[in-house]
Amino acid sequence: MTAPAAQPPRFGFTVGDVVVVTGAGSGIGRAVARHAAAAGLVVTALDLDQRSVTATVADIERAGGRAAAVVADVTRADQVEAGLARARELGPVRYLVNN
């Protein structure tokens, strides 16, 4: 599965802003992460499953986007904080998709 081709920013997104997407390893979360990257956002992809979230990030990077994979359980505050800290390393966090 490949990410959509990069397109100019839409919907008022600023290229380079960071979006955190939970559940990004599969399904709707993965689709949101891929489309956000195609819109020029930097994606911090969170998921419980390391293999699937890493695959999502690989798809995004193959398509020319920027992303980071974070293995996290959103029911654990410490893991969420670690994920947000990683996201902040990539730039200003402007969007959160809680999937």
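Summarised in this report is the structure supplied together with it.

Thresholds, definitions, all that
- Residues numbered from 1 in each chain as written.
- Predicted model: local features only at pLDDT ≥ 70, side-chain atom pairs only at ≥ 80, totals over all residues.
- Heavy atoms only, no water.
- Pairing = 2+ DSSP bridges.
- Helix = DSSP H or I, 4+ residues; strand = E, 2+ residues; numbered from the N terminus.
- Axes fitted to C-alpha atoms, helices over the stretch in contact; angles between N-to-C directions.
- Contact = heavy atoms within 4.5 Å.
- Buried < 20%, exposed > 50% of the residue type's maximum accessible area, 1.4 Å probe, protein only.
- Salt bridge = Lys/Arg side-chain N within 4 Å of Asp/Glu carboxyl O.
- Expected span 1.5 Å × (residues − 1).

1. Thoughts on the sheet that holds strand β2 (residues 42–47)
The strands that make up a sheet pair up through hydrogen bonds in the backbone, lying either parallel or antiparallel. What the four strands build is an open sheet, ordered β3-β2-β1-β4; its pairing is parallel. Two strands in the sheet have a free side with no partner beyond their single neighbour: β3 (67–71) and β4 (93–97). The average angle at which neighbouring strand axes cross in this sheet is 20°, direction not considered. Relative to β4, strand β1 (residues 18–22) runs parallel, the two sharing four bridges. Within β4, the residue paired with Val 18 across the bridge is Val 93. Lying over the sheet, helix α1 (residues 27–38) contacts β1, β2 and β4, oriented at roughly 170° with respect to β1. Packing of helix α2 (residues 50–62) onto the sheet brings it into contact with β2 and β3, and relative to β3 it is tilted by some 175°.

2. A closer look at the side chain of Asp 17
Within the secondary structure, Asp 17 sits in the segment before β1. Look at Asp 17 and you get buried, because its relative accessible area is 8%. Leave out the neighbours within four places in its chain, and Asp 17 touches Leu 41, Val 42, Pro 92, Arg 94 and Tyr 95.

3. Focus on the pattern of salt bridges
In this structure the tally under the stated criterion is five salt bridges. Ionic pairing is found between Glu 89 and Arg 86, a salt bridge with its closest N-O pair at 3.0 Å. Placement of both Glu 89 and Arg 86 in helix α3 (residues 77–90) is noted, with a separation of three residues, approximately one turn of the helix. One salt-bridge network, in which partners are shared between bridges, spans Arg 30, Asp 59 and Arg 62.

4. Some thoughts on α1
Residues lying three or four places apart along an α-helix face the same way, a consequence of the helix completing one turn every 3.6 residues. With twelve residues, α1 extends 17 Å from end C-alpha to end C-alpha; this agrees with the ideal 16 Å at 1.5 Å per step. All buried positions along α1 are accounted for by Gly 29, Arg 30, Ala 33, Arg 34, Ala 36, Ala 37 and Ala 38. Its buried side turned inward, α1 meets β1, β2 and α2. Backbone geometry just after α1 places Gly 40 at a positive phi near 100°.

Nothing here speaks to function; it is geometry throughout.
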